[in-house]
Amino acid sequence: QVHLVESGGGLVQAGGSLRLSCAASGSSFRLSAIDWYRQAPGKQRELVASITSNRGTNYADSVKGRFTISRDNVKNTVYLQMNSLKPEDTAVYYCRAPIPPTGYWGQGTQVTVSS
């Protein structure tokens, strides 16, 4: 079992930066990919970035070149560095461990980008 806790959200002006953290407990973390999702009001939850256990990464087109996902397996933490933030990045950001059968989600952290 894996327990995930996100932190680092907040209010930032457009063009600013934030770094989100996803702290995990559980022995499966090091073997698991970790995904960052976001959900804006009235919209479906969307995949933003992923990192594999071997540190392979993948990004949504909307954040490529602006967001960077990384992991520290000693600290059991995955980070999402978000630069050049835009108002359309405003959402609740969630991390997820896609461990069968259902995966594990954190509680989310709010990111608000003002114009």
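The model shown is predicted, which means the values in this text are computed figures rather than measured ones. (Residues numbered from 1 in each chain as written. Predicted model: local features only at pLDDT ≥ 70, side-chain atom pairs only at ≥ 80, totals over all residues. Heavy atoms only, no water.)

What follows deals with the overall build of the chain. Scanning the chain from terminus to terminus reveals zero helices and eleven strands. Mapped from its N terminus to its C terminus, the chain presents α and β elements in the order β-β-β-β-β-β-β-β-β-β-β. Against the compact-globule benchmark of 13 Å for 115 residues, the chain has a radius of gyration of 13 Å, which places it among compact chains. Seen through its principal axes, the chain has C-alpha atoms that stretch 40 × 25 × 20 Å. Within the span of the chain, comprising 115 residues, buried residues form 45% of the whole. Considering only contacts within the chain whose residues lie at least 6 apart along the sequence, 53% involve residues at least 24 apart. Summing over all exposed atoms, the chain offers an accessible surface of approximately 6000 Å²; the carbon and sulfur share of this is 49%. Once the 12 positive and 7 negative side-chain charges of the chain are each reduced to a mean point, those two points are 5 Å apart. (Helix = DSSP H or I, 4+ residues; strand = E, 2+ residues; numbered from the N terminus. Rg over C-alpha atoms; globule rule 2.2 N^0.38 Å. Buried < 20%, exposed > 50% of the residue type's maximum accessible area, 1.4 Å probe, protein only. Contact = heavy atoms within 4.5 Å. Areas by Shrake-Rupley, 256 points an atom, 1.4 Å probe, with all protein chains shown as cover. Lys, Arg positive; Asp, Glu negative; His and termini not counted. Charge placed at Lys NZ, Arg CZ, Asp CG, Glu CD.)

Moving on: unusual backbone geometry. Residue proline 101 is reached from proline 100 by a cis peptide bond, and omega for that bond is 5°. Examined against the element boundaries, proline 101 turns out to sit in the loop between strand E9 (91–97) and strand E10 (104–105). Here the phi dihedral of asparagine 76 falls at roughly 55°; this positive angle occurs in a residue that is not glycine. One can find asparagine 76 in the loop between strand E7 (67–72) and strand E8 (77–82). For asparagine 76, a relative accessible area of 12% corresponds to the buried category.

Our focus in this paragraph is the environment of serine 21. Mapping serine 21 onto the fold places it in strand E3 (residues 18–25). Separated by 89 residues in sequence, serine 21 and glutamine 110 have C-alpha atoms that sit 12 Å apart.

For the rest of this paragraph, the subject is the packing of aromatic side chains. If you walk through the whole model with that rule in mind, you get two aromatic pairs. Relative to tryptophan 105, the ring of tyrosine 37 lies with its centre 4.9 Å away and its plane at 55°, an arrangement referred to as tilted. Residue tyrosine 37 is found in strand E4 (residues 34–39), and its partner tryptophan 105 is found in strand E10; the two are separated by 68 residues along the sequence. On the accessibility criterion, tryptophan 105 (36% relative accessible area) is partly exposed. A network of ring pairs unites the aromatic residues Tyr37, Tyr94 and Trp105 as a single cluster. Of note, arginine 45 hangs over the ring of tyrosine 94, and the distance from its end group to the ring centre comes to 3.8 Å. (Phe/Tyr/Trp six-rings, centres within 6.5 Å; stacked < 30°, edge-to-face > 60°. Lys NZ or Arg CZ within 6 Å of the ring centre and 35° of its normal.)

By size, the foremost hydrophobic cluster in this structure holds 30 residues, and its most contacted members are Trp36, Phe67, Ile69, Val78, Leu80, Met82 and Tyr93. Residues within four places of phenylalanine 67 in sequence aside, it is in contact with Arg38, Val48, Tyr59, Leu80, Gln81, Met82, Asn83, Leu85, Asp89 and Tyr93. (Core = buried A, V, L, I, M, F, W, Y, C linked by side-chain atoms within 4.5 Å.)

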